[in-house]
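Here is how the chains run, residue by residue.
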Amino acid sequence: MAWGSGPSVVNRGGRDYWRTWFIDECERSGMFGLTVGHLPLVRLKGAGVVPYHAGTLLYLEDAPYFQATQKKRHRVVGPYEVVVPAELPVGATVVHEDRGKPIVWLDPNPESGPWLNRSKVFRKIDGLSVTFRQMAGSFEYFPYRFGIRRAPQWNATTYEHHVDCWLCA
């Protein structure tokens, strides 16, 4: 889920880098969540945006890591591959499809998670112990979703933060 100050998604070299506070939830659920404002970033053609389809690759920036390093380093994981869901939740509405296959859907009960309001008391990220708050309710629990899974070339990379940092652009 994209959240926080700065851009929600940065496109660099034709690759999307999404900032999120919910990497654990994305990994466990195999989904990424969006708000209505993010929909143009995944489903509209034009202005350099290619609609997401099964196989689209994207990266996630681990926002709590950036905060834990006192804004000195970014941690980016990926790529993740967009996947067609095996089945949609009962009552879901498809809002973007590719060749007749659902890509993005509106969840009828987003408040049931996987993204919730809570404080993460402890998370270990590359050796750092991190605590942070998650505020999904402020973003309607990210009701628009699409499926993701780790691509075979998945890895975690850190980038030093600097003036005019491309991840903060």
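Parameters and conventions
- Residues numbered from 1 in each chain as written.
- Predicted model: local features only at pLDDT ≥ 70, side-chain atom pairs only at ≥ 80, totals over all residues.
- Heavy atoms only, no water.
- Core = buried A, V, L, I, M, F, W, Y, C linked by side-chain atoms within 4.5 Å.
- Buried < 20%, exposed > 50% of the residue type's maximum accessible area, 1.4 Å probe, protein only.
- Helix = DSSP H or I, 4+ residues; strand = E, 2+ residues; numbered from the N terminus.
- Contact = heavy atoms within 4.5 Å.
- pLDDT = per-residue confidence, 0-100.
- Phe/Tyr/Trp six-rings, centres within 6.5 Å; stacked < 30°, edge-to-face > 60°.

## Considerations on the nonpolar core
Argument step 1. In this structure, W18, L34, L58, L60 and F146 are the most contacted members of the largest nonpolar core, which totals 31 residues.
Argument step 2. For this core, the secondary-structure elements that each account for two or more residues are helix 1 (23-29), strand 3 (31-34), strand 4 (57-62), helix 3 (63-68), strand 5 (73-83), strand 7 (101-106), strand 9 (128-135) and strand 10 (144-160).
Argument step 3. If we skip the residues at most four places from it in the chain, F146 touches G30, M31, F32, L34, V42, Y52, L58, V82, I103, V104 and W105.
Argument step 4. V10, Y17, C165 and W166 belong to the second largest nonpolar core, which has seven residues in total.

## A short note on the confidence of the model for the protein
Argument step 1. The predicted model of the protein averages 85 in pLDDT, with 89% of residues at 70 or higher.
Argument step 2. By mean pLDDT, the top-scoring element of the protein is strand 7 (95), and the lowest-scoring one is strand 8 (residues 117-125) (76).
Argument step 3. Across residues 1-6, where pLDDT falls below 50, the model places 23 contacts with residues more than four positions away in sequence or in other chains.

## A closer look at the packing of aromatic side chains
The way to describe two aromatic rings as a pair is by their centre distance and the angle between their planes.
Argument step 1. Under the definition given, this model contains seven aromatic pairs.
Argument step 2. On the numbers, 5.8 Å between centres and 70° between planes, the contact of F22 with F142 is edge-to-face. Residue F22 is found in the loop between strand 2 (15-20) and helix 1, and its partner F142 is found in the loop between strand 9 and strand 10; the two are separated by 120 residues along the sequence.
Argument step 3. With 5.6 Å between their ring centres and 80° between their planes, Y52 and F146 make a pair best called edge-to-face. Taken together, the residues span a long stretch of sequence, with Y52 in the loop between helix 2 (40-43) and strand 4 and F146 in strand 10 at a distance of 94 residues.
Argument step 4. Residue Y52 is classed as buried on the basis of its relative accessible area, which comes to 3%.

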